[in-house]
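Understanding the architecture of this molecule
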Amino acid sequence: MSTPGQMKAKRNVPTTSMKTAETARQPAGTHRRLIGKKAPGSVGAETTRRTLLTMRLLATLAVAVLMVGEIPVGAESRWLSPVTRNEMTFPVARSNWYSVINFRNDWHAPRMRLIGGLWRQIGVHEGNDIFAEPGTPVRAILSGTVERVGWTFYSGWRVGIRGTDGRYWFYAHLRQFAPGIRVGAPVTVGEELGYVGNTGYGTEPGHDGEFTYHLHVGIQEPGGAWVNPYPLMRRLYRAAAEQT
Ligand SMILES: [Zn+2]
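Residues numbered from 1 in each chain as written. Predicted model: local features only at pLDDT ≥ 70, side-chain atom pairs only at ≥ 80, totals over all residues.

1. Re the overall build of the protein chain
Formally: Strands are runs of DSSP state E lasting at least two residues, helices are runs of H or I lasting at least four, and both sets are numbered from the N terminus onward. Counting other C-beta atoms within 10 Å of a residue's own tells you its class, since 20 or more makes it buried, 12 or fewer makes it exposed, and anything in between is partly exposed; those C-beta atoms are placed from the backbone. Each residue is represented by a C-beta atom placed from its backbone, and any two residues with such atoms within 7 Å are regarded as in contact.
In terms of helices and strands, the protein chain carries 5 helices and 14 strands. Burial analysis of the protein chain (244 residues in total) assigns 25% to the buried set. In the protein chain, the proportion of contacts linking residues at least 24 apart, taken out of those at least 6 apart, comes to 59%.

Below is the structure:
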């Protein structure tokens, strides 16, 4: 990253070195003095220039902080409380400082695999992927009872909950589970189930790193058919964004 000061110095180099060959051979310290030399009566202008440079530096730092997601010094970080609508909530927690949540309708997107040197479609995506920062709390969309917890090849660490509506609510690729999440445990809407990770696509439990951090959400009807969670996720996300 270039600071505004460095950028200023770079811009000044060609102008100074083109004056004479003798000037160009002068040590760097001399150059800095020449550049910084004040004209009589220009104290106010110099102060303004310094203030502007300081402001630019601060702005650059602020942008850098936002880009890496660091919490500003002195700020209290916290996860926002779940916002419920029709007794349901968006499954990925939002924060008060910075949180990237990204999702689109990827229902039935083709799933390909290299077989015998050729890419072949082995299935379609039966859910909705919500991309978020690793470690972001994953919350129960709807109340219910934990039906499955553990490792599967494709889903990694996953939780399956039988919702109060009779449907099976599936959360996959978790980094880890929240305390108390075990088969038979009751969960209430908004309760922490685990944390966003990128586990899966491996036989060894805990295998990760094969794809970007995200939560896979699946909804299965009692009859066994999976349905597209995206319209509901969109509604729940909007409800949360409006209130927080
Ligand atoms: Zn998925």
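2. Some words on helix 5 (residues 230-243)
Rules: One fewer than the residue count of a helix, multiplied by 1.5 Å, yields its expected span. Within this analysis, the arc is defined by the directions that extend from the helix axis to the C-beta atoms.
End to end, helix 5 covers 20 Å across 14 residues, agreeing with the expected 20 Å (1.5 Å per residue, within 8%). Residues of helix 5 that are buried: Met 233, Leu 236 and Ala 240. Looking down the long axis of helix 5, one finds its buried residues gathered within 70° of arc, a one-sided arrangement. Those residues of helix 5 that are exposed and angled more than 90 degrees off the buried face are Pro 231, Ala 241 and Glu 242. On its buried face, helix 5 is in contact with strand 1 (84-85), strand 2 (88-89), strand 3 (102-103), strand 6 (128-131) and strand 13 (214-220).

3. A few points about the nonpolar core
Operational definition: Any nonpolar core is a set of buried residues, restricted to Ala, Val, Leu, Ile, Met, Phe, Trp, Tyr and Cys, that join up through C-beta atoms within 7 Å.
Counting residues in hydrophobic clusters, the biggest one holds 34 residues, and the most contacted among them are Val 92, Ile 130, Val 138, Tyr 171, Leu 193 and Leu 215. When residues of this core are traced back to their parent elements, those giving at least two are strand 9 (156-163), strand 10 (168-177), strand 12 (192-196), strand 13 and helix 5. Counting residues per element, this core draws most heavily on strand 10, at 6 residues. Sequence-distant contacts of Val 138, defined by excluding residues within four places in its chain, comprise Pro 91, Val 92, Tyr 171, Leu 174, Leu 193, Gly 194, Tyr 195, Val 196 and Leu 215.

4. Quick look at unusual backbone geometry
Non-glycine residue Asn 86 carries a positive phi angle of around 50°. A residue is classified by how many C-beta atoms lie within 10 Å of it, and Asn 86, with 11 of them, is exposed. The phi torsion at Tyr 201 lies on the positive side, around 55°, for a residue other than glycine. When you line up the elements, Tyr 201 lands in the loop between strand 12 and strand 13.

5. Some thoughts on the pairing of strand 6
The test is simple: In short, DSSP must find at least two bridges between two strands for them to pair.
Both strand 3 and strand 6 contribute to a ladder of 2 bridges, which runs antiparallel. Bridging across to strand 6, Asn 102 finds its partner in Phe 131. Where strand 6 meets strand 13, 4 bridges bridge the pair, whose relative direction is antiparallel. Across the sheet, the residue bridging to Ile 130 is Leu 215, located in strand 13.

6. Describing the environment of Ile 161
You can see Ile 161 is positioned in strand 9. Residues Ile 161 and Pro 186 lie 25 residues apart in sequence; the distance between their C-alpha atoms is 9.0 Å. If sequence neighbours within four positions are ignored, Ile 161 has contacts with Ala 140, Gly 144, Thr 145, Val 146, Glu 147, Trp 169 and Val 187.

7. Things to note about the environment of Ile 122
As for its position among the elements, Ile 122 is in strand 5 (residues 118-124). In this structure, the C-alpha to C-alpha distance between Ile 122 and Arg 111, residues 11 residues apart in sequence, is 5.8 Å.

8. Looking at the environment of Val 83
Of note, Val 83 is situated in the loop between helix 4 (43-68) and strand 1. By the C-beta count within 10 Å, which is 19 here, Val 83 ends up partly exposed. Remark: the alpha-carbon pair of Val 83 and Arg 238, spanning 155 residues in sequence, is separated by 9.9 Å. Dropping the residues within four chain positions of it, Val 83 is found in contact with Thr 89, Ala 239, Ala 240, Gln 243 and Thr 244.

9. Some words on the confidence of the model for the protein chain
Our working definition: For every residue, the predictor assigns a confidence score, pLDDT, that lies between 0 and 100.
Looking at the protein chain as a whole, its pLDDT mean stands at 81, while 72% of the residues score no less than 70. In this model, residues 1-41 is a region of pLDDT below 50 whose contacts with residues beyond four sequence positions or in other chains number 18 contacts.

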